[in-house]
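Architecture and fold: a report
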Amino acid sequence: MVAALHKIVEDAPDGIVVLNAEGVVRYANRMSGKLFRCGQHDLLGQPFGFPVTSGEATDIDIPREDGSWGVAEMRVAQTEWDGVDAYIALLRDVTPRRHAEQRLQLSDKVFQNTQEGIVVTDGAGRIISVNPAFTAVTGYLAEEVLGRNPKLLKSGRHDEDFYRALWADIEACGQWQGEIWNRRKNGEIYPEWMNISAVHGRVGEPAYYVAVFSDISLVKKNEERLHRLAHYDALTDLPNRVLFADRLHQALVQAQRGGEQVGLLFLDLDRFKLINDTLGHRAGDLLLQEVARRLETSVRAQDTVGRLGGDEFTVILPDLRSPAGAANVAEKILEAMSAPFFICGHDVFVTTSIGIAVYPVTGDSPESLIKHADMAMYQAKEQGRNNFQYYRRGGDDQSRDLFELEHGLRHALERGELRLVYQPEVEIETGRIVAVEALLRWDHPLRGDIPPAEFIPVAEDTGLIAPIGEWVLREACMQNQAWQDAGLPPIRVAVNLSVRQLRHVRFAEKVAEILDDTGLDAKWLEVELTESVMMQHAKETVGILWQLKSMGVRLSIDDFGTGYSSLNYLKRLPVDTLKIDRSFIEGIEQDANDQAISDAIIALANSLRLRVVAEGVETESQLGFLREHHCCDAQGFLFSRPLSGDDLSLLLARKLH
Amino acid sequence: MLKHAVKYRLKLYITDHTLRSRQALEQLRKLCEEQFPHEYELEVVDVLDHPDEALAQHILATPTVVRELPHPIRRIIGDLSDVDKVLAGLALHPAAAAGMGGK
């Protein structure tokens, strides 16, 4: 009988230990050995401690060697052991249950405290839970929406098809994400970035839907402001260089389709500088505004008048029937300009010189049209100003140049004529160098230093960009690792990528191989793409960019603000850094337009928590503006010109002391 | 004499900074402050941070309180919320409690 009882206690599914009055173990069954992860007999004589419980049971933690711990529920009863007072401690392993509870508590904390609004509905679409951020964004209290359908938030801004597509996505892949407009309780409509996931129950039908969203009205506002600033000239409200380029491109595409012609007029004001210098900038600005207005009234509704900067204006004349049509417009413009302008109490007389190029007669691409219209404008000036000229073909030895360049470039790599220089990116607050941008240089044996703007397009057209791009990447990684090996403070190296490189399906593998070969940790490599490449080729490159991101490589958008800054892409692409184009920084001291764009880009970056770098910083007052507007980092001659690898080591070492 | 001699030295062993660990520490500190103010020393040891000490002291589970002073060493384990049970378990009978006989 005693033996049977002993066996029952031994085999009991809970830990049972008997303790003396000092808390020392006198007996331990098999399960208690398992609980403490030791042999049950090793427990004998151990100072477990006098067991204290208040009420029924108490939890105790059992630390384990691997740094985790188990939880046991302890109950205590008094007994006798070998004739003296003793205690039985019953220990039940509740580790999985307690850990699950802890996870739940953590999830709940996240749910309650996250900045993102969360709505959970049941399978039938009835709201069963919302978090405080939901209330903060929508204005609805939990009790006002529980049991109701999230339709009550609809803004009316999307049609049936939008929601049909949304649900089709959820059914097909269990998830949808995108931008959606909803309505707050106070009636205000606002944009959200929303992610909806279906949570499946056991049977397969969705048991819950979870929608997580953030209010992006502020980001959106910044984006719209930026869009406006990026496409229109703030002084005259005319399309700027960017929108002009886009309109010209569109006009050519259409003309190609319809077999029509497109006229391009370039004009600038004769002796504008003189007016500016004698009457002041304010008068100059007023004059430009008035000129813009007269230009607009001289053209047809389908024509585009743009301001390229300074006193340079342009007019695009789509669906022209013959080149002569452009002359009619040019004459009208000269006529409109002939009346005096009344500026700041003065009658100001202004004349203009106009150059004309016509697609497809004197140019078959935007670039050639612009170049030719510009050249024609100078011809007009040479003809004595206040007139217009069509572009006339002259001797063209351009193609020969191009051929030589291509030929030379083929051998540049093997002859070691290419080298990299590095321009520091500096943290404005501290002056610390946080990164360098690697820039390619070509020392041509005969022609000397050839600017990248000249030979990179040739490299891209001929496919030479692939081996050159790979060399640049490898060289930059090798150099950066060499700096680290020399004990210099680690910095990132940024390498410019061409779209041709990204089109290569195995590009990410190539990068991984280079990192592996050079020993550079991926986090010290940043790849730079220009905004236009990023936006135009987003679909084809997004996969590769995410692959790079998952490896730890950082992504930076170059020349930001000059293209089509789209929030959708910014959110979908794994972007870490925005670089403000140097053209905005250049004018930041006096041009309100450039100030506003720079400010908007910084605000956009900060609201998306991206790093922002100002390019081309050359003066203290530019730096002052950037500091004041919370721009994080800057790059430019003010800090350092691009340096050779060795010179940069010296600079880094100097900063160290 | 401003400085009081330490009469009671306690060591609390906890596992990580869980809610249970924090509660145990608060309860024990409160008990010490009330029962023997200025006369105690309380040390907290996280066994995950100091596995060697836990091993040397044979700490099987936590929260465990070890009474290092006065001698002899005594230890208790479990729920520290009930002051009387904790005092009894640690065999501590503060003078204040003993001295307050009638009213």
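Residues numbered from 1 in each chain as written. Chains lettered and ligands numbered in written order. Predicted model: local features only at pLDDT ≥ 70, side-chain atom pairs only at ≥ 80, totals over all residues. Heavy atoms only, no water.

1. Structural notes on the nonpolar core
Generally speaking, a soluble globular protein has its nonpolar side chains buried in company with each other. Residue and element names in this part refer to chain A. The biggest cluster of nonpolar side chains holds 85 residues, and the ones touching the most others in it are Leu525 and Leu626. The dominant element in this core, judged by the number of residues it contributes, is helix H15 (residues 465–485), at seven residues. Residues within four places of Leu525 in sequence aside, it is in contact with Leu473, Cys477, Val493, Val495, Val511, Leu515, Leu520, Val553 and Arg554. (Core = buried A, V, L, I, M, F, W, Y, C linked by side-chain atoms within 4.5 Å. Buried < 20%, exposed > 50% of the residue type's maximum accessible area, 1.4 Å probe, protein only. Helix = DSSP H or I, 4+ residues; strand = E, 2+ residues; numbered from the N terminus. Contact = heavy atoms within 4.5 Å.)

2. Some details on the packing of aromatic side chains
All names here are of chain A. Counting across every chain of the model gives 12 aromatic pairs over all chains. An angle of 75° between the planes, with centres 6.2 Å apart, marks the rings of Phe134 and Phe213 as edge-to-face. Placement of Phe134 in helix H4 (residues 132–138) and of Phe213 in strand S11 (residues 206–215) is noted, with a sequence separation of 79 residues between them. Given the relative accessible area of 2%, Phe213 is considered buried. Cluster of aromatic residues (ring-pair linked, three or more members): Phe162, Tyr163 and Trp176. In this structure, Arg157 is placed above the aromatic ring of Trp181, and the distance from its NZ or CZ to the ring centre is 3.9 Å. (Phe/Tyr/Trp six-rings, centres within 6.5 Å; stacked < 30°, edge-to-face > 60°. Lys NZ or Arg CZ within 6 Å of the ring centre and 35° of its normal.)

3. Thoughts on the interface of chain B and chain A
By a frequent convention, interface size equals the accessible area lost on bringing the separate parts together. Contact residues are listed per partner, giving 23 residues for chain B and 26 residues for chain A. In total, about 2100 Å² of surface goes out of reach between chain B and chain A, with carbon and sulfur atoms giving 59% of it. Considering only the side of chain B, the residues that lose the most area to chain A are B:Arg20, B:Leu60 and B:Ile77, jointly responsible for 32% of the buried surface there. Counting across the interface, chain B meets chain A through three salt bridges. Among the salt bridges present, the one from A:Glu22 reaches B:Arg74, with a minimum N-O distance of 3.9 Å. In this structure, the connection of chain B to chain A is made through 10 residue pairs in polar contact (both at pLDDT 80 or more). Of all the secondary-structure elements, those providing two or more residues to the side of chain B that touches chain A are helix H1 (19–35), strand S4 (74–78) and helix H3 (83–89) of chain B. For the side of chain B that touches chain A, the element with the highest residue contribution is S4(B), accounting for five residues. Looking at the side of chain B that touches chain A, its residues break down into seven nonpolar, nine polar and seven charged. Summarising the sheet, strand S3 (residues 50–52) of chain A and S4(B) pair through three bridges and their orientation is parallel. (Buried area = accessible area lost by both parts, 1.4 Å probe. Salt bridge = Lys/Arg side-chain N within 4 Å of Asp/Glu carboxyl O. Polar contact = N/O pair within 3.5 Å; in protein donor to acceptor, adjacent residues only side chain to side chain. Nonpolar A, V, L, I, M, F, W, Y, C, P; charged D, E, K, R; others polar. Pairing = 2+ DSSP bridges.)

4. Things to note about the environment of A:Ala245
Relative to the helices and strands, A:Ala245 is located in helix H8 (residues 241–258). As a C-alpha pair, A:Ala245 and A:Pro366 span 121 residues in sequence and 7.6 Å in three-dimensional space.

5. Comments concerning the sheet that holds S4(B)
Strand pairing in a sheet takes place through backbone hydrogen bonds and is either antiparallel or parallel in direction. Judged by pairing direction, the sheet is mixed, and its five strands sit side by side in the order S3(A)-S4(B)-S3(B)-S1(B)-S2(B) without closing on themselves. Each edge of the open sheet is held by one strand with a lone partner, namely S3 of chain A together with strand S2 (40–46) of chain B. Neighbour to neighbour, the strand axes of the sheet diverge by 25° on average, direction disregarded. Relative to S2(B), strand S1 (residues 8–14) of chain B runs parallel, the two sharing seven bridges. Paired with B:Lys11 across the two strands is B:Glu43, which belongs to S2(B). (Axes fitted to C-alpha atoms, helices over the stretch in contact; angles between N-to-C directions.)

6. Overview of helix H14 (residues 452–462) of chain A
Residue and element names in this part refer to chain A. Every buried residue of H14 is accounted for by Phe455, Val458 and Ala459. Each buried residue of H14 sits inside an arc of 100° when the element is viewed along its axis, so together they form one side. Exposed positions of H14 whose direction lies more than 90 degrees from the buried face are Ala453 and Asp461. (Arc of directions from axis to C-beta.)

7. Considering a nonpolar patch on the surface
All names here are of chain A. A cluster of nonpolar side chains, Met1, Leu5 and Ile8, forms an exposed patch at the surface whose accessible area comes to about 380 Å². Among the secondary structure elements, Ile8 is positioned in helix H1 (residues 2–11). Ile8 sits in the exposed class, given a relative accessible area of 57%. (Patch = residues over 30% accessible without salt bridge, like charges linked within 9 Å, V, L, I, M, F, W, Y side chains within 5 Å. Areas by Shrake-Rupley, 256 points an atom, 1.4 Å probe, with all protein chains shown as cover.)

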